[in-house]
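A look at the structure
Residue strings, one per chain:
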Amino acid sequence: MEFLKNAWYCAGWDYQISQGKESIVARKIAGKRVVLYRKRNGEVVAMEDQCPHRQAAMSMGRKEGDALRCMYHGLKFEADGRCSEIPGAKDVPDSLCIRVYPAVEKDNWIWVWMGDPAKADPALISAGVGPGDPDYITKPSYVRVNASYLLENANLADLSHLSFTHEGTIGMGRATAQIVPTHRVLPRGIKTDYWTRNVPPPKFVRHLFEPEFRCDANFDITQTYPCTWVMHFRVFTAGTATEGESDGQLVMDSWTSQAVTPRDDRSVDYYYSWGVSRETDFPGMADMLKEGIDAAFLEDKRVLEGQQIRIDENPNFRQMGIGIADAGPARMLRVIDQLIRAERESEQPVARIA
Ligand code: FES
Ligand SMILES: [Fe+2]
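Computed from a prediction, not measured in an experiment: that's the story for all the values here.

What follows covers the overall build of the chain. A count of helical and extended segments in the chain gives five helices and 18 strands. Relative to the 2.2 N^0.38 estimate, which gives 20 Å for 354 residues, the radius of gyration of the chain is 23 Å and therefore close to what a compact globule would have. Its C-alpha atoms give the chain principal-axis dimensions of about 80 × 60 × 35 Å. Here the contacts in the chain between residues at least 6 apart in sequence split such that 56% fall between residues at least 24 apart.

Right, dumping it as structure tokens:
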């Protein structure tokens, strides 16, 4: 499977890489093994997770100040990738080095650029609302999904599945399945903004309301590749407005920020959070949101992994489109395809005319 190289991929939450002696984190990102650790000043280092000597895992190595030592035969690599010591040898050839990837922290996520370092522009990092945002109380979380990142992206570009996959957790009745959202195509993703009106609250919070309680909800989503899915989600008491902003009362103002990192062609690391505004918070609320979204993402995981098994078993199967659930995924997959195609074409050697 081909992945976009010139892109920032999320390598996890900032707290997952501590300053601890043992905090050497192994990841697989877009088909490549990467090891991450912090320098003494806190900066994150991302290196290829294989020693150039005989390919031992650098993630099984040892931190020494800002450097990382391979614990097979002891080669020591500085944070810029230079080999500074070969035990037993007098000289270290200049050519002996390890690949270092640009790494940046933003919105409590760690980002690694997997392509040409000269093109690593931090302005290309997708924005999120992380646990460090002072206006929201946000809990981070994580799940591994053993399915293609394309299936995960398609799932995120289609909220009609909320009504069924998440019927018992974050779904809000049948209404979400009936909405035809409009998607605006962005250079690296899609934007979707829509309302559901007069719907019951999701099951996982229903005990907080009277049985007849109904609400209006706004989903304002930006999905970019590769891949973040960030939603400003607001819930109001059901109002009388039929279009535009609800005229109900604000019950919850929240952001959920989600980063999907392809590991290889059959698995993704999914780093996500959900946070509630201080204004609409109450004790236990952020924990309850985390419990709700954790349960929901296990539901997605079950569906996507089951789908992936069947796709692999039946590679020639012809899927049937149904329109309503397919428009968002089709747009998102087209964006991904175009980005990868453009990168491939830009790498083609220019033909010479003799
Ligand atoms: S494999 Fe790393 S030092 Fe030999
Ligand atoms: Fe889902």
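The next point concerns unusual backbone geometry. In this structure, Pro226 follows Tyr225 across a cis peptide bond, with omega equal to -10°. Among the secondary structure elements, Pro226 is positioned in the loop between β15 (215-224) and β16 (228-237). Notably, Ala30 is not glycine yet its phi reads approximately 45°, a positive angle. Note on placement: Ala30 falls in the loop between β2 (25-29) and β3 (32-38). Its identity as a non-glycine residue notwithstanding, Asn108 has a phi of 70°, on the positive side. Along the chain, the position of Asn108 falls in the loop between β10 (103-106) and β11 (109-113). You can call Asn108 buried: it has 20 C-beta atoms within 10 Å.

We now examine the nonpolar core. In this structure, Tyr9, Ala11, Leu36, Ala46, Ile110, Trp111 and Val112 are the most contacted members of the largest nonpolar core, which totals 84 residues. Not counting the four nearest positions on each side in its chain, Val112 is found in contact with Trp8, Tyr9, Ala11, Ile29, Val34, Ala46, Tyr101 and Ala103.

Ordered by their spatial adjacency, seven strands build an open sheet running β12-β18-β17-β16-β15-β14-β13, and the pairing between neighbours is antiparallel. Each edge of the sheet is formed by a strand with only one pairing partner; in this case those strands are β12 (136-145) and β13 (183-186). Ignoring which end each strand starts from, the neighbouring axes of this sheet average 15° apart. Packing against the sheet, helix α1 (residues 149-156) makes contact with β12, β15, β16, β17 (250-264) and β18 (267-277), and its axis sits at approximately 165° to β17. Set on the sheet, helix α5 (residues 327-347) makes contact with β13, β14 (189-199) and β15; between it and β14 the angle comes to about 165°.

Take the sheet that holds strand β7 (residues 76-77) next. On the basis of which strands lie adjacent, the open sheet formed by four strands has the order β5-β6-β7-β8 and antiparallel pairing. The open sheet is flanked by β5 (62-64) and β8 (83-85), the only strands paired with a single partner. Of the pairings in the sheet, the one linking strand β6 (residues 67-69) to β7 comprises two bridges and is antiparallel in character. In the sheet register, Leu68 faces β7, and the bridge partner there is Phe77.

On to the environment of Asp294, then. Within the secondary structure, Asp294 sits in helix α4 (residues 285-313). Here Asp294 falls in the partly exposed class, since 16 other C-beta atoms lie within 10 Å of it. Taking the C-alpha atoms as reference points, Asp294 and Trp274, separated by 20 residues in sequence, lie 10.0 Å from one another.

Moving on, we get to the domain arrangement of the chain. Domain boundaries assigned for the chain yield domain 1 (8-124) and domain 2 (136-339). Contacts between domain 1 and domain 2 engage 11 residues on the former and nine residues on the latter. Secondary structure elements with two or more residues in the side of domain 1 that touches domain 2: β1 (8-13) and β2. The element best represented in the side of domain 1 that touches domain 2 is β1, accounting for four residues. Among the residues making up the side of domain 1 that touches domain 2, the classes are represented as six nonpolar, three polar and two charged.

Our next topic: the packing of α1 against α4. Helix packing for two helices is described by the angle between their axes and how far apart those axes are. Interhelical geometry of α1 versus α4 gives an angle of 130° and a closest axis separation of 10 Å. With respect to each other, α1 and α4 are oriented oblique. Two packed elements cross with a definite hand, and for α1 against α4 that hand is right-handed. Side by side, α1 and α4 meet where Leu151, Glu152 and Asn155 of the first sit next to Asp300, Leu304, Gln307 and Gln308 of the second.

Calculation criteria
Residues numbered from 1 in each chain as written. Chains lettered and ligands numbered in written order. Predicted model: local features only at pLDDT ≥ 70, side-chain atom pairs only at ≥ 80, totals over all residues. Helix = DSSP H or I, 4+ residues; strand = E, 2+ residues; numbered from the N terminus. Rg over C-alpha atoms; globule rule 2.2 N^0.38 Å. Contact = placed C-beta atoms within 7 Å. Buried ≥ 20, exposed ≤ 12 C-beta atoms within 10 Å, placed from the backbone. Core = buried A, V, L, I, M, F, W, Y, C linked by C-beta atoms within 7 Å. Pairing = 2+ DSSP bridges. Axes fitted to C-alpha atoms, helices over the stretch in contact; angles between N-to-C directions. Domains from an automatic or database assignment. Nonpolar A, V, L, I, M, F, W, Y, C, P; charged D, E, K, R; others polar. Parallel < 35°, antiparallel > 145°, perpendicular 65-115°, else oblique. Left-handed = near helix turned anticlockwise from the far one by under 90°.

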